[in-house]
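# Observations on chain architecture
This is what each chain is made of:
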Amino acid sequence: MVGVAYDCLANPLGAVRSTFEKAIASGSDPASFDGRDWGAVDLFRNFLYDDGGLSQVPILNSASIRWVQPNTLVRFRGMIQDMLGNEFYVGAYKDGSVWRTNKFTDVPQFPVDSTPDMRLWERRMLYCTPVPGQNSWAESSNAVMYASMESGTQQKEKRPRVDAEATDNMDYDVSDNGIEGSPSTKKLKENGHSTQQSITEGTSSGMIMAPDVNSGSLPCLIKIYDCLESDLKLNEVFEFVGVFTFDSEFKEDKDESDDFTNGFSEDVLVHLPPNKVPRLHCFIHRKLAVHDFLPCSPTNEPKPNLVKEIREALLRHLTAVLGNDGIAANFMLLHLLSMVYSRAGTVAVGKLSLNLTCLSRESAPVFGTQLGLALKNLLPFTQCISLTVDYLNTASLAPRKDYETSRLITGALQLAEGSHVIFDETRLEAGILNSVGVENARLLKTLIELQKVEYDFKFYKLDMPADIQMLVLSEGKSNILPADVVLPFHPSSVASAEVTTEALEAWRWYLATLRSLPHSIDSELQKVIENDLVAARQEDRTLGTQDFSRLLTMGRLMSMSFGETSLSLEHWQMVKELERLRRERLK
Amino acid sequence: MKDIDFSAEKELAKDFLSNFPDSNGEPKYMRILQQVANRKFRAIEIDIEDLFSYAELDEEFRNRVQENTRRYIGIFADAIDELMPEPTEAFTDDDHDILMTQRSDDGPENMDGPDPHQKMPPEIKRYFEVYIRASSSGKVKPYAIREVKASHIGQLVAVYTCEECGFEIYQAKIQELSEDVPKGHIPRTMTVHFRGDEEEQVARLAEDGNIYEKLARSLAPEIYGHEDIKKALLLLLVGAPHRKLKDGMKVLADMGICAIDEFDKMDELDRTAIHEVMEQQTVSIAKAGITTSLNARTAVLAAANPAW
């Protein structure tokens, strides 16, 4: 491999070995590579980001796993759902007189004898799942990859969109599986292009699932090398690029190993065998935010005039969806831009949960559904939870650790930051809550008030911070979920919301990007706000710090909604007016 | 991993064992060996503190022992084999001895040589076990679970231990303390394996008829007497079947203890509420149109002065 360009895509391990050999040849001591890169990762970084190779790397998901070759370079986008601890592996060892490395692989290429010339290194194991509630438009497509595969006869398939929701007609969306299952994967099987299928034919998507994952979504066991622990936190969303391994031949009772690969990983991997859960040996990882899930970005910088137009169009759209209730639409807009951007003690600053009341059993299905669909099209991660007594009494909301399998069993509230959840209380009837129900109600209340979820680790509970946009639909004011803004909902008509693809793309960009704008209030305006708040309290003694905090947050969000970074007097007036109208309705 | 010169290390070990003085100036470990020879006990515990304070041993040796504990246990065991004195008291053959005699008798005819046991690995021949005891004085800092790394394999590691290991298990899982878990991470666990004599110790504890008394006395040792009260408290702590220690893990955190003083001064209504908790382990609540019955797996400890 002298002087030849490394084939990073098809033979990443070759590149790893070559760079290793080079490093050894230039006199480096293998022991010094513990926890460090000898140049392999730099190579990949150049290839991916400097030479634009990233788009050529196939995305690993339940569709592509059928044709992606093991030991090639892939990328996986997902949420860290569980941390499986560290694994010891033989990092470097001597094969006769030659030093070899096992980094970035599970199975050594050459036999490893137990010699004193063996270096044990560590790698971290993270169990990642696709982001809960991810909508199909936010999934990256492998179309380009698929089209360029040596399939010969097959051309890109234009899969007709049957679902009513999105008018987004992204073609060739091979990776789209949503919740309906995958008609596209069936097509892939029929095409059967690759002669070296490493995945056994007839493998239904159910086989490669870990037990707690919805069918159609592929989890992945990520192995992280040389990484600071603080970099990767639970529930964060990352893109991992690395070597894909998947052993469909794996026999579960075969104990073929040297102690160093199995002995210290305890029971955990027994439940995640390599023929069911793919592994990804990570070279490079990158934290993803909501805006990384936009398929394309029309502009990079929010220019004020452009933003204003988009805002107006979005507001019109929301008004239509909300039965012509303009005040509700305005609050909805602020709500959709909200994000926890700071924590002061226990207070999560920046959140703005919304409770729309006066929804009856009749009106809820109409507007609830419409709203749900609208949000699915606008935000990358959405969920809808219908709260009933039954649900409260049986649901597993908070994750808890199972000590038999050494796994963190997920719960409905284990969500990525930036997720949106609609809590529909309109079907909540009178009933008795058992201890699970009471506990769940408490968890929900804590989530909406403090943006944190208690995870159960048996001997103690650990608070995990959350950043979830919460919208509550109820008849009367919700007792279970006390939202920041309570607004009686007054629709006057039912309109169908027709949208164009361009508009949707613009709104998605708008909502994803503007929320991270910085914000400040100059001292002059601070004075004005102070006076206003004092006056408001004099009129109404019930107003307290929570109300003031909410108003400041609304000011920030209003300002951001216009693409501005500093609160203007005009926007502060708008906030005050909005609040006044809301309070009018409450009377 | 540096190569160890086994015979040199063994000599150092022998020197230490023969000469390390106890507080009276007598060789501490030779006394222990004599006891072992007389079958008084089987475990030989070498205190790492002693290695630290023995002048003839340099720091390097101590570090090597800490870094490669398993190997050095073997080295010390070999040294002990050579130093083991003859028994000075009569004792009955225990199972181990009988087995060893049988094995040598059954050996193949064509095996000659001075040691009929020579084909057996030394571990089987031995009737003692060597342990190296980690420092308890704080000279060796215990590692938190998270700090234990690959480089520590084979090294002597003192880890925060769970306070109560249950009976009938030889393996326990320990979990990081909540304050040690970094933000955004989940607690790490580690499995602790008990070897050899430790298993027996744990089993013996379980069978000990006096365990009730012993445990009761160990509760609040600074308070003298009140044995009955202590026993009651103990029962409270261990409590109902579902609280029994499972897999060696602490269940204490699961339930609360409600301590009430001047119970007789409580009004009737409150007291009956407590009765429900004590009898049925539930409590009924009615509020804002919602009635519910909650689990209240609380141990209630009520104190009152006697009526007469």
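Residues numbered from 1 in each chain as written. Chains lettered and ligands numbered in written order. Predicted model: local features only at pLDDT ≥ 70, side-chain atom pairs only at ≥ 80, totals over all residues. Heavy atoms only, no water.

### Some words on the overall build of chain B
Scanning chain B from terminus to terminus reveals 11 helices and 8 strands. Within chain B, counting contacts between residues at least 6 apart in sequence, those at least 24 apart form 58% of the total. For chain B, the computed accessible surface area is about 19700 Å², with 53% contributed by carbon and sulfur atoms. (Helix = DSSP H or I, 4+ residues; strand = E, 2+ residues; numbered from the N terminus. Contact = heavy atoms within 4.5 Å. Areas by Shrake-Rupley, 256 points an atom, 1.4 Å probe, with all protein chains shown as cover.)

### Brief notes about the packing of helix H4 (residues 59-67) of chain B against helix H5 (residues 69-83) of chain B
How two helices pack is summed up by the angle between their axes together with the distance between the axes. All names here are of chain B. Between H4 and H5, the least distance of the axes is 5 Å, while the angle of their chain directions is 110°. Judged by the angle between their axes, H4 and H5 are roughly perpendicular. Here Phe61, Arg64, Val65, Gln66 and Glu67 of H4 come into contact with H5, specifically with Thr69, Tyr72 and Phe76. Taken together, the residues of the contact of H4 with H5 sort by class into 4 nonpolar, 2 polar and 2 charged. (Axes fitted to C-alpha atoms, helices over the stretch in contact; angles between N-to-C directions. Parallel < 35°, antiparallel > 145°, perpendicular 65-115°, else oblique. Nonpolar A, V, L, I, M, F, W, Y, C, P; charged D, E, K, R; others polar.)

### Let's talk about the pattern of salt bridges
Within the structure shown, the criterion is met by 33 salt bridges over all chains. Close ionic contact of Asp292 of chain A with Arg286 of chain A constitutes a salt bridge, the shortest N to O distance being 3.9 Å. Put simply, Arg31 of chain B and Asp22 of chain B hold a salt bridge, and the shortest N to O gap is 3.6 Å. Salt bridges here are not isolated pairs; linked through shared partners, they connect Arg75, Arg77, Glu239, Arg286 and Asp292 of chain A. (Salt bridge = Lys/Arg side-chain N within 4 Å of Asp/Glu carboxyl O.)

### Remarks on the side chain of Lys14 of chain B
For Lys14 of chain B, the location among the structural elements is in helix H1 (residues 6-19). Side chain to side chain, Lys14 of chain B and Glu82 of chain B meet in a polar contact 2.7 Å long. (Polar contact = N/O pair within 3.5 Å; in protein donor to acceptor, adjacent residues only side chain to side chain.)

### What to know about the confidence of the model for chain A
Residue and element names in this part refer to chain A. Here chain A averages 82 in pLDDT, while 81% of its residues score no lower than 70. Scored below 50 in pLDDT, residues 150-214 makes 100 contacts in the model with residues more than four places away or belonging to other chains. The low-confidence segment residues 254-265 (pLDDT under 50) makes 16 contacts with residues lying over four places distant or belonging to another chain. (pLDDT = per-residue confidence, 0-100.)

### A word on the packing of aromatic side chains
Aromatic ring pairs: the centre-centre distance and the angle between the two ring planes describe each pair. Evaluation of the coordinates by the stated rule reveals 21 aromatic pairs over all chains. Summarising the aromatic geometry, the rings of Phe367 of chain A and Phe489 of chain A are spaced 5.3 Å apart at their centres and angled 85° between planes, so their arrangement reads as edge-to-face. Taken together, the residues Phe367 of chain A in helix H8 (residues 363-378) and Phe489 of chain A in the loop between strand S17 (485-488) and helix H11 (501-514) connect sequence positions 122 residues apart. In this structure, Phe367 of chain A and Phe489 of chain A share a single accessibility class: buried. Pairwise contacts between aromatic rings join Phe16, Phe20, Tyr29, Tyr54, Phe61, Tyr72 and Phe76 of chain B into one cluster. Positioned above the aromatic ring of Tyr127 of chain A, the side-chain terminus of Arg407 of chain A is 4.3 Å from the ring centre. (Phe/Tyr/Trp six-rings, centres within 6.5 Å; stacked < 30°, edge-to-face > 60°. Buried < 20%, exposed > 50% of the residue type's maximum accessible area, 1.4 Å probe, protein only. Lys NZ or Arg CZ within 6 Å of the ring centre and 35° of its normal.)

### Let's talk about helix H13 (residues 545-561) of chain A
Helix length check: H13 of chain A, at 17 residues, gives a terminal C-alpha distance of 24 Å against a target of 24 Å (1.5 Å per residue), a fit within 8%. Counting buried positions along H13 of chain A gives 13 out of 17 residues, so the element sits mostly inside the fold. (Expected span 1.5 Å × (residues − 1).)

### A word on the pairing of strand S4 (residues 220-224) of chain A
Look at any regular strand and the pattern is simple: side chains alternate between the two faces of the sheet. Residues and elements named next belong to chain A. Burial analysis of S4 places 5 of its 5 residues in the buried class, the great majority of the element. Across the two faces of S4 the burial is the same, with Cys220, Ile222 and Ile224 and Leu221 and Lys223 all buried. Of the strand pairs in this sheet, strand S3 (residues 118-129) and S4 are connected by 5 bridges, and their pairing is antiparallel. Looking at S4, one finds that Met125 is bridged to Lys223. Of the strand pairs in this sheet, S4 and strand S6 (residues 279-287) are connected by 4 bridges, and their pairing is parallel. Each residue of the ladder has a partner; that of Leu221, found in S6, is Arg279. (Pairing = 2+ DSSP bridges.)

### Things to note about the side chain of His185 of chain B
Inspection of the secondary structure assignment puts His185 of chain B in the loop between strand S3 (171-175) and strand S4 (189-193). Among the residues examined, His185 of chain B registers a relative accessible area of 3% and is labelled buried.

### Quick look at a negative patch on the surface
Taken together, Asp58, Glu59, Glu60 and Glu67 of chain B make up a surface patch of like negative charges. Structurally, the position occupied by Glu59 of chain B is in helix H4. (Patch = residues over 30% accessible without salt bridge, like charges linked within 9 Å, V, L, I, M, F, W, Y side chains within 5 Å. Lys, Arg positive; Asp, Glu negative; His and termini not counted. Charge placed at Lys NZ, Arg CZ, Asp CG, Glu CD.)

### A closer look at the environment of Val74 of chain A
All names here are of chain A. Structurally, Val74 can be placed in strand S1 (residues 73-95). In sequence terms Val74 and Gln56 are 18 residues apart; their C-alpha atoms lie 9.1 Å from each other. Ignoring any residue separated from it by four or fewer positions in sequence, one finds Val74 in contact with Val57, Pro58, Leu60, Val68, Phe240, Val241, Gly242, Phe244 and Leu280.

### Let's talk about the sheet that holds strand S13 (residues 419-424) of chain A
Residues and elements named next belong to chain A. Spatial ordering of the open sheet is given by S10-S13-S16-S9-S17, a layout of 5 strands whose pairing is parallel. With one partner strand each, in any of the chains shown, strand S10 (382-386) and S17 form the two edges of the open sheet. Strand after strand, the sheet turns through a mean of 15° between neighbouring axes, direction not considered. One ladder, built from 4 bridges, connects strand S9 (residues 354-357) with S17; its direction is parallel. Bridged to Thr357 within S17 is Pro488.

### Observations concerning the nonpolar core
All names here are of chain A. Of all hydrophobic cores here, the largest spans 71 residues; its most connected members are Met332, Leu356, Leu371, Leu378, Leu471, Trp507 and Tyr510. Not counting residues within four places of it along the chain, the set of residues in contact with Met332 comprises Leu318, Leu322, Leu354, Leu356, Leu371 and Leu471. Counting residues in each nonpolar core, the second largest holds 56 residues, with Phe76, Phe238, Leu415 and Ala483 among its members. (Core = buried A, V, L, I, M, F, W, Y, C linked by side-chain atoms within 4.5 Å.)

### Comments concerning H11 of chain A
One turn of the α-helix equals 3.6 residues, which is why residues spaced by three or four share an orientation. Residue and element names in this part refer to chain A. Taking 1.5 Å of rise per residue, 14 residues should cover 20 Å, and H11 covers 20 Å from first to last C-alpha, within 8% of that figure. Across the 14 residues that make up H11, a large majority, 11, are buried. The complete set of buried residues in H11 reads Thr501, Ala503, Leu504, Ala506, Trp507, Arg508, Trp509, Tyr510, Leu511, Ala512 and Leu514.

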